[in-house]
Amino acid sequence: MMSITWDAVLGRLAGHISEIMKSTVEVSDFVLPPKPELGDVALGCFRLAEAHGKNPAEIAEELAGALADFEGVAKAAAAGPYLNITFKLTEILPRLLKEAKENGDAFGQSDALGKQTILFEYANPNTHKEIHVGHLRNFILGASLVHLFRRAGSRVIPVSYINDVGTHVAKCLWLLVTKHGFDAKTFSSDDVDSLVDAVPLENHTAQYLGQVYGEATSAMEEDESVKDQVSFVHNALENHDPQWEALWQETRKWSMDELTEIFDELGVRIERQYFESECLDRSQEIVNQLEKDGIAKLSEGAVLIDMEEKKLGMMLLRKSDGSLLYAAKDLALAELKAQEYPEFTQSLVLVDERQSLAMRQLDEALKRIGYGKPYGYLGYELVTLPEGAMSSRKGNIITFQAFRDMVVEAAEAATRERHEKDWDEERISAAAKMLAAAGIKYAIVKQDPNKVIVFDIKKALSFEGDTGPYIQYAATRLGSILKKSGWSLGFQPELDFGGLQSDQERKLAVCIAQFADVVRRAAHEAKPSLVARWCLALAQEVNAFYRDVPVLDAPLELKEARLQLVLLARHALVCGLDLLGIPTPEEM
RNA sequence: GCGGCCAUAGCUCAGCUGGAUAGAGCGCUUCCCUGCGAAGGAAGAGGUCGGACGUUCAAAUCGUCCUGGUCGCACCA
């Protein structure tokens, strides 16, 4: 059975107080004091006072006296209506070491989410378009949530859904063909290979296709006749005309190859990749059936589900020209998921807030159809540029690769500056890669999901203060101490820690002890930002410890005990960063 | 017009289910490397928590209204 230190420590205290006061005090009643000097935890005695018909300050005073000798408590003091408690390090540290030893990399493990199986859909870009910094938030947030849900005891099945068909593909392929000297109307199977050859190999990418798509969009706005040509291509694609089908397959592969690389780089691991193209046929059938069943109706030539009485407007499924809208395909996807993963107890989709209405409509539609499972979504706000939203129409897209390259370059420059003499280029570039990953991911994940991120390139290139590299740096300093000690040691909870008397040592242990609770809350609220905050706080404690407490020069017994604390702190930081998808380098 | 989200230091943001003098980072001023890595640390200046009313012993936090911003709201995804 897993042991969670903070629960145990606070639980014991709460139990004791409950006994003294003859009324229940919960672990959750404890709060953090406004100033850390006051104590590790505090209890506001307002409720206890009410129950006893006394003044809160009186109760606090009374408890302070009663707890003075309680084992594990170093100090209990009343401050007005508050009871402030400081624990002995020996109450916390051995438990933490035991917890770390038992759980290993799964430090902070709990069963807070119960025995759920979450089917979690995220990372849903389109093919034939570039990946830009706007997508990054979804990918990084999603990957972190998968880790968090798992750490909180849930089984997670990560899936992704990619839109690989539709007008955006038609637009892109129309211009691709046209700009390489072919005529869309006469484009034939024999032309496919020569077209593919005509596109330079380095342009066999989603980035390039996205650029072509953007150009096609502008061309369409300027010239009405383009519209007809694009819908000609669109029809050809829907009819599976062999030459267009072949070109679609080829360019789709370009997109997917690039996407797979990006997923890999960002730690996006998908168990099942769904495509819109595989939902197409079934969604036609579903819409027909819904119409027959009276759930959907015909209105002005289009098929929709009326949700006005639920204040959800109209859910449009099929256009008057007969083509399907994304909402229809979502219904087929939901059905497909349920068939393939009948064991899931909760389905979640990570989408940007602009799609929240569509998600609520989907949920309502599934309810009306009789789909029995909870189908929800997690929303997050978008990433915008200082001058406004990013869009291919405005042509102000910052692609993922361009952004990543800028950060890596800055990271390399910063690393080279510090290791001009002692490191070779290979070593510099390896460290810089991790630094860049931390910079990018932390910046995105530290912000509360429902706040807009205004993309600031200057900030993204900074590695000081509240940044991923700052936290990596704290871990690296600890690692450096461990390395220099020359000892290879594991967690030793049985050691005597009585010699660790400084305030800073205790504060470090307390901060580590809060990890499991932070993870629980972060999973419950679907906010990796809480873990990011905790990582920052721990890194700050680590730096204070580093400043105040000598380790390697300490007398042997103290050194042994302090090395345990250093080992634990590093382990906790590594685990925290890992939940955010951020690697910890050995050196930087 | 209806609905979602947001509003806290010059800037970017934390502030958990109401509770003790509202906290970080950046920027600014001044310091600290012969010291376990200065991507670090110390000190300082900087806030009528958008506004009003209400609930409460207690409101940045809860409720209502208002203002400002942003994103949605039938044939785009």
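Cut-offs applied
Residue indices follow the written sequence of each chain, beginning from 1 at its first position. To read the labels, note that chains go from A and ligands from 1, taken in the order they are written. Residue-level local features of this predicted model are given only where pLDDT is at least 70; pairs of side-chain atoms are given and counted only at 80 or more, and the full residue set underlies all totals for whole chains, interfaces and linings. Neither water nor hydrogens contribute to the side-chain values; these are computed over all heavy atoms in the structure. What makes two strands pair is DSSP finding at least two bridges between them. Numbering of helices and strands runs from the N terminus, with a helix taken as a DSSP run of H or I at least four residues long and a strand as a DSSP run of E at least two residues long. All axes are obtained by fitting lines to C-alpha atoms, using only the stretch in contact for helices, and the reported angles, taken between N-to-C directions, cover 0 to 180 degrees. Paired rings are identified among Phe, Tyr and Trp, the last through its six-membered ring, by centres lying within 6.5 Å, and are further divided according to the angle between planes into stacked (under 30 degrees), edge-to-face (over 60) and tilted (the rest). Three exposure classes are used, based on accessible area relative to the maximum for each residue type with a 1.4 Å probe and protein chains only: buried under 20%, partly exposed in between, and exposed over 50%. Those domain boundaries reflect an automatic or database domain assignment. Summed over both partners, the accessible area lost on bringing two parts together, with a 1.4 Å probe, is the buried area. By definition, a salt bridge exists where a carboxyl oxygen of Asp or Glu is found within 4 Å of a side-chain nitrogen of Lys or Arg. Contacts described as polar in this section are N or O atom pairs within 3.5 Å, which, within protein, must combine one atom able to donate a hydrogen with one able to accept it, while residues neighboring in sequence count only if both atoms come from side chains. To be near a molecule or strand, a residue needs just one of its heavy atoms within 4 Å of it. Residue polarity is assigned by list, with Asp, Glu, Lys and Arg as charged and Ala, Val, Leu, Ile, Met, Phe, Trp, Tyr, Cys and Pro as nonpolar; anything else, Gly included, falls into the polar class. Only buried residues count toward a nonpolar core, which is a set of Ala, Val, Leu, Ile, Met, Phe, Trp, Tyr and Cys residues joined through side-chain atoms within 4.5 Å. The contact criterion used is simple: two residues touch if any of their non-hydrogen atoms lie within 4.5 Å. When the near helix sits turned anticlockwise from the far one by under a right angle, the crossing is termed left-handed; a clockwise turn instead gives a right-handed crossing. To estimate how far a helix should extend, the number of its residues minus one is multiplied by 1.5 Å. As used here, the arc is the angular range of directions from the helix axis to the C-beta atoms.

1. Observations concerning the sheet that holds strand 6 (residues 155-162)
Strand pairing within a sheet occurs via backbone hydrogen bonds; the two strands may be parallel or antiparallel.
Link 1 in the chain: Spatial strand order, 7-6-5-11-12: 5 strands in an open sheet with parallel pairing. In this open sheet, the two edge strands, each paired with only one partner strand, are strand 7 (272-275) and strand 12 (375-380). Across the sheet, the mean angle from the axis of one strand to that of its neighbour is 25 degrees, orientation sign disregarded.
Link 2 in the chain: Pairing analysis gives 6 bridges linking strand 11 (residues 346-352) to strand 12, with the strands arranged parallel. Looking at the pairing, Leu350 lines up with Leu378 of strand 12.

2. Observations concerning the sheet that holds strand 9 (residues 302-306)
Link 1 in the chain: Read from one edge of the open sheet, 3 strands run 8-9-10, paired in antiparallel fashion. Sheet topology places strand 8 (297-299) and strand 10 (314-318) at the edges, where each strand pairs with a single neighbour. The average undirected angle you get between the axes of adjacent strands in this sheet is 45 degrees.
Link 2 in the chain: Where strand 8 lies against strand 9, 3 bridges are found, and the strand directions are antiparallel.

3. Describing the packing of aromatic side chains
Each pair of aromatic rings is reported with the distance of its centres and the angle of its planes.
Link 1 in the chain: If you walk through the whole model with that rule in mind, you get 11 aromatic pairs.
Link 2 in the chain: Relative to Phe87, the ring of Trp6 lies with its centre 5.9 Å away and its plane at 75 degrees, an arrangement referred to as edge-to-face. In this pair, Trp6 is assigned in helix 1 (residues 5-21) and Phe87 in strand 4 (residues 82-87), connecting sequence segments 81 residues apart.
Link 3 in the chain: Ring geometry for Phe515 versus Trp534: centroids 4.4 Å apart, planes at 40 degrees, classification tilted. Here Phe515 is found in helix 19 (residues 515-525), whereas its partner Trp534 is found in helix 20 (residues 528-548), with 19 residues between them in sequence. Considered together, Phe515 and Trp534 belong to a single accessibility category, that of buried residues.
Link 4 in the chain: Counting every residue linked through ring pairs, the aromatic cluster contains Phe107, Phe515 and Trp534.

4. Focus on the side chain of Thr384
Link 1 in the chain: Here Thr384 shows up in strand 13 (residues 383-384).
Link 2 in the chain: Thr384 sits in the buried class, given a relative accessible area of 14%.

5. Things to note about unusual backbone geometry
Link 1 in the chain: For Glu300, which is not glycine, the phi torsion reads 50 degrees and is therefore positive.
Link 2 in the chain: Within the secondary structure, Glu300 is located in the loop between strand 8 and strand 9.
Link 3 in the chain: The backbone of Lys311 sits at a positive phi, close to 60 degrees, despite the residue not being glycine.
Link 4 in the chain: Here Lys311 shows up in the loop between strand 9 and strand 10.

6. A short note on the domain arrangement of chain A
Link 1 in the chain: Segmenting chain A into domains produces domain 1 (4-87), domain 2 (122-384) and domain 3 (400-579).
Link 2 in the chain: Spacing between the C-alpha centres of domain 2 and domain 3 amounts to 39 Å.
Link 3 in the chain: Interface area, domain 2 with domain 3, both sides summed: about 2400 Å², of which 68% is carbon and sulfur.
Link 4 in the chain: Together, Arg137, Leu148 and Arg151 form the three largest contributors to the area buried by domain 2 at its contact with domain 3, with a combined 24%.
Link 5 in the chain: If you look at where domain 2 meets domain 3, you find 1 salt bridge.
Link 6 in the chain: Arg404 is paired through a salt bridge with Glu265; the nearest N and O atoms lie 2.6 Å apart.
Link 7 in the chain: The interface formed by domain 2 and domain 3 holds 12 residue pairs in polar contact (both at pLDDT 80 or more) in total.
Link 8 in the chain: Mapped onto the side of domain 2 that touches domain 3, the elements with two or more residues apiece are helix 5 (133-151), helix 10 (242-266), strand 12 and strand 13.
Link 9 in the chain: Element by element, the count of residues in the side of domain 2 that touches domain 3 is highest for helix 5, at 11 residues.

7. Concerning the protein's contact with RNA strand B
Link 1 in the chain: Around RNA strand B, the structure places 59 residues, and the nearest of them are Tyr82, Asn163, Lys319, Tyr473 and Lys484.
Link 2 in the chain: Near the protein, meaning within 4 Å, the atoms of RNA strand B are sugar or phosphate in a fraction of 64%, with bases accounting for the rest.
Link 3 in the chain: Between RNA strand B and the protein, one listed contact pairs a phosphate oxygen with a side-chain N or O atom of Gln447 at 2.8 Å.
Link 4 in the chain: Contributing elements (two or more residues each) for the surface near RNA strand B: strand 4, strand 9, strand 10, helix 14 (400-418), helix 17 (468-485) and helix 20.
Link 5 in the chain: Class assignment of the residues belonging to the surface near RNA strand B gives a composition of 27 nonpolar, 15 polar and 17 charged.

8. A few points about the environment of Glu222
Link 1 in the chain: Take Glu222: it is sitting in helix 8 (residues 206-222).
Link 2 in the chain: The spatial distance from the C-alpha of Glu222 to the C-alpha of Gln472 is 50 Å, given a sequence separation of 250 residues.

9. A short note on the pairing of strand 11
The side chains of a regular strand alternate between the sheet's two faces.
Link 1 in the chain: Burial of strand 11 is extensive: 7 of the 7 residues sit out of reach of the surface.
Link 2 in the chain: Because side chains alternate across strand 11, one face comprises the buried residues Gln346, Leu348, Leu350 and Asp352, and the other comprises Ser347, Val349 and Val351, equally buried.
Link 3 in the chain: Alignment of strand 5 (residues 117-121) against strand 11, held across 4 bridges, turns out to be parallel. Across the sheet, residue Phe120 finds its bridge partner in strand 11, namely Leu348.

10. Focus on the nonpolar core
Link 1 in the chain: Among the nonpolar cores identified, the biggest contains 132 residues, and Ile17, Leu83, Phe120 and Phe149 are the most heavily contacted of them.
Link 2 in the chain: Sort the elements by how many residues they give to this core and helix 21 (residues 556-579) lands first, with 12 residues.
Link 3 in the chain: Setting aside its immediate chain neighbours within four residues, Phe120 contacts Gly142, Leu145, Val146, Phe149, Val156, Ile157, Pro158, Val159, Leu348, Leu350 and Leu378.
Link 4 in the chain: Judged by nonpolar contacts, the second largest core, of 34 residues, contains Cys279, Ile286, Leu312 and Ala328.

11. Thoughts on the packing of helix 17 against helix 21
Link 1 in the chain: Closest axis-to-axis distance for the helix 17/helix 21 pair is 9 Å, and the angle between their directions is 145 degrees. Our pair here, helix 17 against helix 21, has a crossing hand that is left-handed. Contacts between helix 17 and helix 21 involve Ile471, Gln472, Ala474, Ala475, Leu478, Gly479, Ile481, Leu482 and Ser485 on the former and, on the latter, Leu563, Val566, Leu567, Ala569, Arg570, Leu573 and Leu577.
Link 2 in the chain: Classifying every residue of the contact of helix 17 with helix 21 by side-chain character gives 12 nonpolar, 3 polar and 1 charged.

12. Structural notes on helix 9 (residues 224-238)
Link 1 in the chain: In this model, helix 9 (15 residues) spans 22 Å end to end at C-alpha, consistent with the 21 Å of a helix rising 1.5 Å per residue.
Link 2 in the chain: Here helix 9 has its buried residues at Val226, Val230, Val233, His234, Ala236 and Leu237. The arc enclosing the buried residues of helix 9, seen along the axis, measures out at 160 degrees, which places them on a common side. In helix 9, the exposed positions that point more than 90 degrees away from the buried face belong to Glu224 and Asp228.
Link 3 in the chain: Residues of helix 9 that are buried sit in contact with helix 6 (167-179), helix 8 and helix 10.

13. Re the side chain of His168
Link 1 in the chain: Looking at where His168 falls in the secondary structure, it is placed in helix 6.
Link 2 in the chain: A distance of 3.1 Å separates a polar atom in the side chain of His168 from the backbone oxygen of Thr127.
Link 3 in the chain: If sequence neighbours within four positions are ignored, His168 has contacts with Asn126, Thr127, His128, Lys129, Asn163 and Tyr213.

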